[in-house]
Amino acid sequence: SAVISQKPSRDICQRGTSLTIQCQVDSQVTMMFWYRQQPGQSLTLIATANQGSEATYESGFVIDKFPISRPNLTFSTLTVSNMSPEDSSIYLCSVEDPLLGANVLTFGAGSRLTVL
Amino acid sequence: AQKVTQAQTEISVVEKEDVTLDCVYETRDTTYYLFWYKQPPSGELVFLIRRNSFDEQNEISGRYSWNFQKSTSSFNFTITASQVVDSAVYFCALTGGGSGGYQKVTFGTGTKLQVIP
């Protein structure tokens, strides 16, 4: 299956600052997905990052708050902008892994952000 | 709209006990996929199984087994002879089975399993 490297693994941030999370995949993939997992909650899809086009954001998430880059088929970044304590979450990068089956996702280890 | 319900928020069992994690889903699609993922304390979600809506055969993999029942819209997961390493949050998930490429995944809220030694 695909191997995803995500960094930072965790960070403590100050209110009002921004943080960029990086996601590197060991194979070329068309779509990369960014999820948020708030403490004790399920996974919520933030956006889908396609190479060469704008990311597609889910309801409740906007580009100004969560800008995404997708410069090539193996890399993406998610920035959490102007952070507030409500942004404290685990942010997960994932890709569809055809080796495991259609619609099966492989995830990075996540980036655990704490905003003070 | 699709929905996945995992009514059990947290379960604690003593090591070697069997435990079943419940999953009930809602979908209007005639073709769909069901999944289980495991999220250990380290945080990384791990894929466990995918089941096609046309395949109602139960599946066993080692100590893990899955019971898919279309009649009750359930896809339950049983761990036999539980071990401490099974302690994790388990997510049930659902996608449509359309032919137009990747289908968005709907996750349940997860069941936290604690296996006590």
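Refer to the structure above for everything that follows.
Residues numbered from 1 in each chain as written. Chains lettered and ligands numbered in written order. Predicted model: local features only at pLDDT ≥ 70, side-chain atom pairs only at ≥ 80, totals over all residues. Heavy atoms only, no water.

**Thoughts on the overall build of chain B**
Turning to step 1, where the next piece is worked out: What chain B contains, in helices and strands, is 0 helices and 12 strands.
Turning to step 2, where the next piece is worked out: Each helix and strand of chain B, ordered N terminal to C terminal, gives the series β-β-β-β-β-β-β-β-β-β-β-β.
Turning to step 3, where the next piece is worked out: Rg of the C-alpha trace for chain B: 14 Å, near the compact-globule value of 13 Å for 117 residues, within the 12% margin.
Turning to step 4, where the next piece is worked out: Sequence separation of 24 or more characterises 57% of the internal contacts of chain B that already satisfy a separation of 6 or more. (Helix = DSSP H or I, 4+ residues; strand = E, 2+ residues; numbered from the N terminus. Rg over C-alpha atoms; globule rule 2.2 N^0.38 Å. Contact = heavy atoms within 4.5 Å.)

**Things to note about the state of the cysteines**
Turning to step 1, where the next piece is worked out: Inspection of every chain in the model, using the stated rule, returns 2 disulfides over all chains.
Turning to step 2, where the next piece is worked out: Across the disulfide from C23 of chain A sits C93 of chain A; the S-S distance is 1.9 Å. Note on the C23 of chain A and C93 of chain A pair: the S-S dihedral is about -70 degrees, so by sign convention the disulfide is left-handed. Remark: C93 of chain A occurs in strand β9 (residues 89-96) and C23 of chain A occurs in strand β3 (residues 19-25); sequence separation between them is 70 residues. Residues C23 of chain A and C93 of chain A agree in their burial class; the two are buried.
Turning to step 3, where the next piece is worked out: Note that C23 of chain B is cross-linked by a disulfide to C92 of chain B, the S-S spacing being 2.0 Å. Handedness here is read from the sign of the S-S torsion; for C23 of chain B and C92 of chain B, about -70 degrees, the answer is left-handed. (Disulfide = S-S within 2.5 Å. Buried < 20%, exposed > 50% of the residue type's maximum accessible area, 1.4 Å probe, protein only.)

**What about the interface of chain A and chain B?**
Turning to step 1, where the next piece is worked out: In this assembly, 20 residues from chain A lie in contact with 21 residues from chain B.
Turning to step 2, where the next piece is worked out: Contact between chain A and chain B buries roughly 1,600 Å² in total, counting both sides, with carbon and sulfur atoms accounting for 58%.
Turning to step 3, where the next piece is worked out: It is S42, N103 and F107 of chain A that lose the most area in chain A upon contact with chain B, and together they represent 33% of the buried surface on that side.
Turning to step 4, where the next piece is worked out: Applying the counting rule to chain A against chain B returns 1 salt bridge.
Turning to step 5, where the next piece is worked out: The residue E58 of chain A makes a salt bridge to K104 of chain B at a minimum N-O spacing of 2.5 Å.
Turning to step 6, where the next piece is worked out: Joining chain A to chain B, the criterion identifies 6 residue pairs in polar contact (both at pLDDT 80 or more).
Turning to step 7, where the next piece is worked out: Where the side of chain A that touches chain B is concerned, the elements lending two or more residues are β4 (31-37), β5 (43-50), β9 and β10 (105-107) of chain A.
Turning to step 8, where the next piece is worked out: For the side of chain A that touches chain B, the element with the highest residue contribution is β4 of chain A, accounting for 4 residues.
Turning to step 9, where the next piece is worked out: Tallied by class, residues from the side of chain A that touches chain B come to 12 nonpolar, 6 polar and 2 charged. (Buried area = accessible area lost by both parts, 1.4 Å probe. Salt bridge = Lys/Arg side-chain N within 4 Å of Asp/Glu carboxyl O. Polar contact = N/O pair within 3.5 Å; in protein donor to acceptor, adjacent residues only side chain to side chain. Nonpolar A, V, L, I, M, F, W, Y, C, P; charged D, E, K, R; others polar.)

**What to know about the nonpolar core**
General note: in soluble globular proteins, nonpolar side chains tend to be found buried as a group.
Turning to step 1, where the next piece is worked out: In terms of nonpolar packing, the biggest core is built from 26 residues, with M32, W34, I46, F66, I68, L78 and Y91 of chain A touching the most fellow members.
Turning to step 2, where the next piece is worked out: When residues of this core are traced back to their parent elements, those giving at least two are β3, β4, β5, β8 (75-80), β9 and β11 (111-115) of chain A.
Turning to step 3, where the next piece is worked out: In terms of residue count, the dominant contributor to this core is β3 of chain A (4 residues).
Turning to step 4, where the next piece is worked out: In terms of nonpolar packing, the next biggest core, distinct from the first, is built from 23 residues, Y25, L34, F68 and L94 of chain B among them. (Core = buried A, V, L, I, M, F, W, Y, C linked by side-chain atoms within 4.5 Å.)

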